[in-house]
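Residue strings, one per chain:
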Amino acid sequence: MKILLVTPPLTQLNTPYPATCQLTGFLHTKGIDAEQIDLSIELIQELFTSSRLEEIFQKAALLNKLSKPNRNILQQSAFYCKTTEPVMQFLSGRDNSLAQRFSNRSFWPQSKRIPSDDDLEWAFGMIGNHDRATHLCTLFLKDLSEFIQQTIDPDFELIRYAESLCLRLPTFKPLQEKLLKPLSLIDKLMLDIFEKRILKSKPGMVGFTVPFPGNLYSALRCAQWLKKEYPDIKICMGGGYVNTELRSITDPAIFKFIDYMLFDDGELPLLRLLTGGELIRTLSLSSDGEIIRSNFDSIENISFSEIGAPDYEGLLKNNYINLIELTNPMHALWSNGRWNKMMLAHGCYWGKCAFCDGSLDYIHRYETASIEIVVNRMETIMNQTGQSGFHFVDEAAPPSLLRKLAEEIMKRKLTVSYWTNVRFEKSFTPELCYLMAQSGCIAISGGLEVASPRILELIRKGITIDTARDTMKNFTDAGIMTHAYLMYGFPTETAQETIDSLRVVRDLFADGLIQSAFWHRYAMTIHSPSGMQPESVGAKLVKQPAGRFANNEIPFTTGHEIDLEYYGKGLNLATYNFMQGTGYDLPLNDWFKK
Ligand code: SF4
């Protein structure tokens, strides 16, 4: 049976999301007819055209109340309509000659987002025209996206759709009600593209990957349309959101939209579904409307060495766009550049952190393949995409594997660049960091989490601030950029520990040991050690009925909570400034003024 794998809108726009590529690659090794479509980038390319913008501006002009910035945009609608297609041409690398014009600040209309000439010169110097133009074009798209959100469609954001609706869904009802409403402009555009593809591909099955809450609504909108127009096509759904949120689903209502829900690594469940074998980790509906859980707890999988190389066929013609929102080179890696995404190993070799979903297969099943297989996959992808940059999307790439990788890349005389996640552990010696840099490592990201000795121990991160600092220094000395993942609101964390944590982070920035950082609010999840044993981290669960649809984050108390919204704002504001190279001298408490 032929399958069409779909990345539903919206997600990253600079490079394909890896799930469908991985599954397509695997299914091709089994001789299965599999195609893929990235509806996300195709939708954005369709949306930011002059005719679409004209339609949007006409609708917005009929509204009674508009904010001042939106009135300004509307007044300049002719400029926006005229410029949007050249901007998309430039951002997708099809017309680099526009860099000179777009890097000129006076080309752009007044907007709250446009930086001063001084700020631009500080960030890009006198000659960094291409990045400067990419930054200004990104701000142009951000302005337009905000306009669309505030006037036409409140669910629209540039890289997610209807996320706030889908973030917390203990019941399916709000989403179901939304799906019964008339189609939005975005829905119509998406379904037009989808319909053309269905007609062209004629699949027997369509598979949606739903990595994030911001992809769920659009996956179901497409599925709803498919059920109505092509009821014979079977529909399955999997991905990160399904794996973490929908494991304990008891409400069968979603099966009005889809036929199967697949869990954990999709290779084997999909293979069985497509070839008629015994279903595994698959939910479906019985004839009397009950959810059937087929071999749900099975741990059988295709081994990591057998899953094959990701296959980008069908996505290469897409015009992915480069975006630079912040003038920070490390931060820009996530949205700028056509990175080939693949894993060096499956799962996490550490697997103990108290906040992490360690009981789920994608973390706890640590499995490797020989380094020859890994680098063969890299070469296969490079030959196919023509791109030599890799983002290894491992949860935490082990130092020993990175050493072998660096040696193998150099042995084969490959010129590549790569970046990945690591733990800041002491095995990253100066010599290993140097070796990695020589082989093409340009950046790493890692969790420093709560930079407090007491909490780091409670989290069971297995690192100390001192070893993390030494490791970061080794990376920096080797010329490798570093991003730190940070966390606030861990159970029992005090206000003072939060501020102290910011002090550590500030000093790391000031000493040039990290280049970017991001604070996440701690969420207690049912799949994490802290969620399974809250008392081990000094917390108690607040009882609540289990959701019939999504279940992931669970409420807890420690008896002495701090105001997380207040501290979160201060931490983010401070770190935003540190990333721009300012604010190091300000007293820490100043970031937390009401
Ligand atoms: S947080 Fe990172 S290092 Fe810790 S268990 Fe999870 S994946 Fe592994």
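It should be noted that the structure appears before, not after, this text.
All values derive from a computational prediction rather than experimental measurement.

A. Quick peek at the overall build of the protein. Across its full length, the protein holds 23 helices and 19 strands. Radius of gyration (C-alpha) of the protein: 24 Å, near the 25 Å computed for a compact globule of 594 residues. For the C-alpha atoms alone, the extent of the protein along its principal axes is close to 65 × 60 × 55 Å. The buried share of the protein, reckoned over its 594 residues, is 57%. Across the protein, contacts joining residues at least 24 apart in sequence account for 75% of those joining residues at least 6 apart.

B. Region of interest: helix α12 (residues 216-229). Helix length check: α12 (14 residues) gives 20 Å between terminal C-alpha atoms against 20 Å at 1.5 Å per residue, within 8%. The buried fraction of α12 amounts to ten of the 14 residues, a majority that puts the element mostly inside the structure. Listing the buried residues of α12 in full gives Leu216, Tyr217, Ser218, Ala219, Leu220, Arg221, Cys222, Ala223, Trp225 and Leu226.

C. Fine view of the sheet that holds strand β13 (residues 389-392). Strand order in this open sheet of six strands is β10-β13-β14-β15-β16-β17, and the pairing throughout is parallel. Since the sheet does not close on itself, it has two edges, and those belong to β10 (340-342) and β17 (516-521), each with one partner. Pairwise comparison of adjacent strand axes, ignoring direction, gives a mean angle of 20° for this sheet. Examined bridge by bridge, strand β15 (residues 441-449) and strand β16 (residues 481-488) share six bridges and lie parallel to one another.

D. Quick look at the packing of helix α2 (residues 39-47) against helix α11 (residues 185-201). α11 packs onto α2 with a crossing angle of 115° between their chain directions and a minimal axis gap of 10 Å. The two elements α2 and α11 cross, and the hand of that crossing is right-handed. Residues Leu39, Glu42, Leu43, Glu46 and Leu47 of α2 form the contact with α11, whose own contacting residues are Ile186, Leu189, Met190, Ile193 and Phe194. Classifying every residue of the contact of α2 with α11 by side-chain character gives eight nonpolar, no polar and two charged.

E. Expanded view of the site of the ligand. In the region of the ligand, the neighbouring residues are Cys348, Trp350, Gly351, Lys352, Cys353, Phe355, Cys356, Glu395, Arg423 and Lys461. Classifying every residue of the shell around the ligand by side-chain character gives five nonpolar, one polar and four charged.

F. Structural detail: the packing of aromatic side chains. Using the criterion set out here, one finds 34 aromatic pairs in the structure. With a centroid separation of 6.4 Å and an interplanar angle of 75°, the aromatic rings of Phe79 and Phe140 are classed as edge-to-face. Taken as a pair, Phe79 in helix α5 (residues 77-91) and Phe140 in helix α8 (residues 129-151) lie far apart in primary sequence, 61 residues in all. Assigned by exposure class, Phe79 and Phe140 land together as buried. Seen in terms of ring centroids, Tyr567 and Phe592 are 5.3 Å apart; in terms of plane orientation they differ by 50°. Their pairing is tilted.

G. Structural detail: the pairing of strand β8 (residues 282-285). Bridge count for strand β7 (residues 260-262) against β8 is two bridges, and the pairing is antiparallel. Residue Met261 lies in a different strand from β8, and its bridge partner there is Leu283. Direction of pairing for β8 relative to strand β9 (residues 291-294): antiparallel, over a ladder of four bridges. Bridge pairing in β9 links Ser284 to Ile292. Where β8 folds back on β9, the antiparallel hairpin that results is connected by five residues, among which Gly289 adopts a positive phi of roughly 80°.

H. The arrangement of helix α17 (residues 399-411) in detail. Here α17 is 13 residues long and its end C-alpha atoms lie 18 Å apart, about the 18 Å a rise of 1.5 Å per residue gives. Among all positions of α17, only Pro399, Leu401, Leu402, Leu405, Ala406, Glu408 and Ile409 are buried. On the buried face of α17, the contacting elements are β11 (345-346), α16 (371-385), β13, β14 (417-422) and α18 (430-439). Of the residues flanking the end of α17, it is Lys413, one or two places downstream, whose phi is positive at about 55°.

I. Spatial organisation of the sheet that holds strand β5 (residues 205-209). Spatially, the seven strands line up as an open sheet ordered β2-β1-β5-β6-β7-β8-β9, and their pairing is mixed. In the strand order of this sheet, the two ends are held by β2 (34-38) and β9, each with one partner. Within this sheet the neighbouring strands show an average axis-to-axis angle of 20°, counted without direction. Contacting β1 (3-7), β2 and β5, helix α1 (residues 18-29) crosses the sheet at an angle of about 160° to β1. Here α2 sits on the sheet in contact with β1 and β2, set at roughly 40° to β2.

J. Examining the pattern of salt bridges more closely. Going through the model one piece at a time under the given rule, you end up with 36 salt bridges. Close ionic contact of Arg365 with Asp361 constitutes a salt bridge, the shortest N to O distance being 2.8 Å. Accessibility expressed as a relative area gives 13% for Arg365, which makes it buried. Several salt bridges converge on common partners, so that one network encompasses Lys112, Arg113, Asp143 and Glu146.

K. Quick peek at the nonpolar core. Membership of the largest hydrophobic core comes to 178 residues, with the highest contact counts inside it found for Phe194, Leu405 and Tyr418. Among the elements that make up this core, the one with the highest residue count is α8 (nine residues). In this structure, Leu405 is in contact with Leu344, Ile371, Val374, Val375, Met378, Phe392 and Tyr418, ignoring residues within four places of it in sequence. One finds Phe355, Met487, Val537 and Ile554 within the second-largest nonpolar core, a separate group that totals 13 residues.

L. Up close: the side chain of Ser201. Its place among the elements puts Ser201 in helix α11. Look at Ser201 and you get buried, because its relative accessible area is 4%. What Ser201 contacts, discounting residues up to four positions off in sequence, is Lys2, Leu4 and Glu35.

M. Looking closely at the state of the cysteines. Under the defined criterion, the tally for this structure stands at zero disulfides. Counting only cysteine sulfurs, Cys433 is the nearest neighbor of Cys441, a cysteine outside any disulfide, at a range of 8.2 Å.

N. Examining the packing of α17 against α18 more closely. Where α17 contacts α18, the two axes come as close as 9 Å, and the packing angle between them is 40°. Put simply, α17 runs oblique to α18. Crossing hand, α17 versus α18: left-handed. Taken together, the residues of α18 that come into contact with α17 (itself represented by Pro399, Leu402, Arg403, Ala406, Glu407, Ile409 and Met410) are Glu431, Leu432, Leu435, Met436, Gln438 and Ser439. By residue class, the composition of the contact of α17 with α18 is eight nonpolar, two polar and three charged.

O. Expanded view of the pairing of β2. Of all the five residues making up β2, four are buried; the element is thus mostly covered by neighbouring parts of the structure. On the question of chirality, the crossover connecting β1 to the parallel β2 by way of α1 is right-handed.

Analysis parameters
Residues numbered from 1 in each chain as written. Predicted model: local features only at pLDDT ≥ 70, side-chain atom pairs only at ≥ 80, totals over all residues. Heavy atoms only, no water. Helix = DSSP H or I, 4+ residues; strand = E, 2+ residues; numbered from the N terminus. Rg over C-alpha atoms; globule rule 2.2 N^0.38 Å. Buried < 20%, exposed > 50% of the residue type's maximum accessible area, 1.4 Å probe, protein only. Contact = heavy atoms within 4.5 Å. Expected span 1.5 Å × (residues − 1). Pairing = 2+ DSSP bridges. Axes fitted to C-alpha atoms, helices over the stretch in contact; angles between N-to-C directions. Left-handed = near helix turned anticlockwise from the far one by under 90°. Nonpolar A, V, L, I, M, F, W, Y, C, P; charged D, E, K, R; others polar. Near = heavy atom within 4 Å. Phe/Tyr/Trp six-rings, centres within 6.5 Å; stacked < 30°, edge-to-face > 60°. Salt bridge = Lys/Arg side-chain N within 4 Å of Asp/Glu carboxyl O. Core = buried A, V, L, I, M, F, W, Y, C linked by side-chain atoms within 4.5 Å. Disulfide = S-S within 2.5 Å. Parallel < 35°, antiparallel > 145°, perpendicular 65-115°, else oblique. Right-handed = clockwise from strand over helix to strand, strands pointing away.

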